[in-house]
Amino acid sequence: MPHFTVVPVKDQAQSNYDSLEGINWVDYRDTGQDCPDHHDTVSSDGHGNHKEDSPFLNNADAASKKNDFYDRNLALFEEELDIRPKVSSLLSRLVSYTNITQGAKEHEEAESAEASRRKTPKSPNMGTLMGVYLPCLQNIFGVILFLRLTWIVGMAGIMQSLLIVLMCCSCTMLTAISMSAIATNGVVPAGGAYFMISRSLGPEFGGAVGLCFYLGTTFASAMYILGAIEIFLKYLVPQAAVFHATDTLGSDSAMLNNMRVYGSICLSLMAVVVFVGVKYVNKLASLFLACVIISIVSIYAGAFKSMTHPPEFTICMLGNRTLVRDRFDVCAKTVMKGNITVPSQLWERFCLPGNMSSAQCDDYFIQNNVTEIQGIPGLGSGIIRENMWSDYQQKGEILEKAGLQSVDAHGAMENFGMYVSADIATSFTLLVGIFFPSATGIMAGSNRSGDLRDAQKSIPVGTILAITTTSLVYFSSVVLFGSCIEGVVLRDKFGDAVQKNLVVGTLSWPSPWVIVIGSFFSTVGAGLQSLTGAPRLLQAIAKDNIIPFLRVFGHGKTNGEPTWALLLTGLIAELGILIASLDMVAPILSMFFLMCYLFVNLACAVQTLLRTPNWRPRFKYYHWALSFLGMSMCLALMFISSWYYAIVAMVIAGMIYKYIEYQGAEKEWGDGIRGLSLSAARYALLRLEVGPPHTKNWRPQLLVLLKLDEDLHVKYPRLLTFASQLKAGKGLTIVGSVVQGNFLDSYGEMQAAEQTIKNMMEIERVKGFCQIVVASKVREGIVHLIQSCGLGGMKHNTVMMGWPYGWRQSEDPRAWKTFINTVRCTTAAHLALMVPKNVSFYPSNHERFTDGNIDVWWIVHDGGMLMLLPFLLKLHKVWRKCRMRIFTVAQMDDNSIQMKKDLATFLYQLRIEAEVEVVEMAQLVKDRHSLVRMGSLYSDEEEEVVEAPPEKVQMTWTREKDQSNVRRMHTAVKLNEVIVNRSHDARLVLLNMPGPPHMEFLEVLTEGLERVLLVRGGGREVITIYS
């Protein structure tokens, strides 16, 4: 899908347009400025809303601008053409858009003599074979095929080995199908798997999976280096070892130390090669691929030749135990020297020096015969029957051939080194983890999408063909190895029984050296490729700016080489090399690759099920069920191969996900998870429509009415603080405000007000929504908010608003009239109401009350709001240590003792802990003082009189009304005395808001109290004693 470049326009046209279409508009005009980079960049519209740009709207000549945009035939659309492109000009630029792969561009720039003049990149011209098929082959065939596949076949048997290969290859094939669908759904720039997942599943998943893929690739380079060093030290130059075993048991640790030393040296050399010039790595890629293909062909040639002429590799057996062949010369107990029978080297190994008396020999050696058997019986020998089933072994178990006769006798421990034994305990699950890296590498084609002539056609065909080819090679190799090679030789990981030869090499034709040298170069090449790819992947993630602490890795040399990323990659790869065992490193990278493939499948499944309008892949042979199957297989393989590594990998991915969610830059990439959220939200909202929530589920869903000053700053930010303490992130919070004026003129002001409130909500950690209304009168705007906020079942049930301070001094009666009107509207709408008075004295989120009381004055039953609010407040850390006290007022005819008992029982059933007190109020007596105070009362009853000129306003008092107001004022004064007396030191006082409201009564009622929350119920029960 096309993206458009957002460019700032400095002329008058924008301001005229702003008033109609707002601030977030896109200008498509040519500005004559060169686009700084051909890569996808992220621009901002000034409000933090980042947008993806693909600058294929390169700039035309200024001269053609007039002709382009002011064509006489399109006079009707003159205004639109001023700010939007003509279709023909848009299409011509789309066609000329080139998407170059990361890396290639930088090298071309570096080689260019004139840095100021940008060199036009070559148009991509790679086909399916060179661009996808061969790179995938090279990445999939690797060290495991040459070093471990024979051993896997020996341990697991042909049947279980075929199952292992089938599981791993099915998993990658299903992933390739999902990947093909994603890769053909629009242009995939360089960045391959990371780009596809992040744009399909959003920045959080993209970052988590991108880093998993990066770690997998980095550990893959460590695995390849360890494989190369194993070939070097075991089969090419064994005498190069630095550490040597002092006894037979120490050989393993000596080998591991050698691997660490040479591995670190090799990693350093490779890092230097990558740093100096990646183009040399790319040029050598074809040579390394040739090595792989020649090696594989030699295996097939050797296997088929073994049908008639099996190679001569004999194994020496003592009883049914396999002997290490390079420890002695002749496979016999005695040899003839002239006519004399003398002990052989083998005899001397098992017996004490001296005469041939059997008393000083190893029991097992004396009682069993030495025999020689053929190591490679050949394709026609029928050995396949013996190798059909598994033979898993424990660490240190001696390799035995089942068919040979053997007398079971106890052998001496010092002779243990003479036998070939298992170096690690094996099981089906372990072998799955070790083999899986052989199936990875399927992303090589999508990583090169920028170099392909037609990426949308080449990627699916090339990748699926490569997986099919490699799978066939693996299946046939398993069968050939099982059909040609003796079982004990297959189980011999390092070829000790065949004179330290590489086991695959013994089968190959014309010489074992073809495989040894070929596999060495191919593993070195694969290591270089991984070491080249991983830093670029990290650089792509860093440049996307979704993980703040990785920003430094986005920088590199002047030609764009990722220097810092290469350094980090080298350090992580060194950790893998310090593990020093190929069998230990392989499951680690299996985890990270499986995690990556799992999310590729998830991305495809989510997009398919949501039927997003933009989901139109050219590759049609996919289905969400296949993606889910692939996802399930990835998850199963993770736990099969190593459940603890799987949990660690998931924890790492989860931590990265949460980190990006909380810290990372917000991106809108049109990803599928956003679509999934919308679908889930719609489904949930439709479910909520069924009816009002049950009393048990009732919680205050707040509409917080905020007042903004002339500079659009929030007047009382503590209202938001209190709302966040009350909600603790649960339920719905809508923050509303009214901008006074005309919508057409005040749109920009409304946008600014919305941004201000959103920033304040972020500071106060209020999780909710912001709603701004433009209205000619504030009172009308508030009524609109109360009526229209929320959607379906997600509507507010409680309104929170500030107290109109200074209403007495204000010449403008609208200040308190608006307040009174809002109270009436909430009552009419059956909504609950909360008015925090003296809100600036309320605690911030950083304060903690270590003691004190929250006092509830329960005068009228309002559905239980007064009980519920302190309970919810106490869930927040600010109020947690406060105690709750409930006061209720007894009239003359009430039994206060019984009332206290009943109230205590009621609270016990509500499961609310609180102290209970009953306050008795004597019959109030009228006094002159109260009557005098009545003189200053404002009447808010005659609202229609407000518009009249001041001199015509008359206060009309009837005698009845006088008496009613005097009674109310008495109650307010008396109640205030009692409340101040009992609750003057309370942290918060909650009391019923009397109605119909009157400013003077409310002011008198709350006088002398530091923090008061006036509460009015919405006319329904909000708390219940039932479970």
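What counts and what doesn't
Residues numbered from 1 in each chain as written. Predicted model: local features only at pLDDT ≥ 70, side-chain atom pairs only at ≥ 80, totals over all residues. Heavy atoms only, no water. Core = buried A, V, L, I, M, F, W, Y, C linked by side-chain atoms within 4.5 Å. Buried < 20%, exposed > 50% of the residue type's maximum accessible area, 1.4 Å probe, protein only. Helix = DSSP H or I, 4+ residues; strand = E, 2+ residues; numbered from the N terminus. Contact = heavy atoms within 4.5 Å. Salt bridge = Lys/Arg side-chain N within 4 Å of Asp/Glu carboxyl O. Pairing = 2+ DSSP bridges. Right-handed = clockwise from strand over helix to strand, strands pointing away.

Draft legend 1. Region of the structure containing the nonpolar core. In terms of nonpolar packing, the biggest core is built from 165 residues, with M223, F435, M443, Y474, F481, I485 and F599 touching the most fellow members. It is helix α9 (residues 192-236) that contributes the most residues to this core, 24 residues altogether. Every residue in contact with I485, bar those within four places of it in the chain, is listed here: T150, G375, I376, P377, I383, N387, L490, V503 and L507. With 54 residues, the next largest nonpolar core counts L712, I757, I772 and L990 among its residues.

Draft legend 2. Seen up close, the pattern of salt bridges. By the definition in use, this model includes 16 salt bridges. For the salt bridge of R883 with E915, the shortest nitrogen-to-oxygen distance reads 3.9 Å. Of the two residues, R883 is situated in strand β14 (residues 883-890) and E915 in strand β15 (residues 915-920); the sequence distance between them amounts to 32 residues. Note on R883: relative accessible area 43%, which makes it partly exposed. By relative accessible area, E915 is classed as partly exposed at 39%. A network of salt bridges, in which partner residues are shared, links R148, E230, D423, K493 and D583.

Draft legend 3. Up close: helix α25 (residues 718-727). Burial analysis of α25 places 9 of its 10 residues in the buried class, which makes it a mostly covered element. When α25 is considered as a whole, its buried residues turn out to be L719, L720, T721, F722, A723, S724, Q725, L726 and K727.

Draft legend 4. Local environment of the sheet that holds strand β7 (residues 370-374). As summarised here, the arrangement of the 3 strands in space is β4-β3-β7, forming an open sheet in which the pairing is antiparallel. Looking at the sheet topology across the chains shown, the edges are occupied by β4 (321-322) and β7. Of the strand pairs in this sheet, strand β3 (residues 314-318) and β7 are connected by 5 bridges, and their pairing is antiparallel. By the bridge assignment, T314 is partnered in β7 with Q374.

Draft legend 5. Region of the structure containing the pairing of β14. The element β14 is extensively covered by neighbouring structure, given that 7 of its 8 residues are classed as buried. Summarising the sheet, strand β13 (residues 853-858) and β14 pair through 6 bridges and their orientation is parallel. Note on β14: the bridge partner recorded for N853 is R883. Handedness of the β-α-β unit built from β13, helix α29 (residues 865-873) and β14 comes out right-handed. Here β14 runs beside β15; their pairing, made up of 6 bridges, is parallel. Paired with F887 across the two strands is E917, which belongs to β15.

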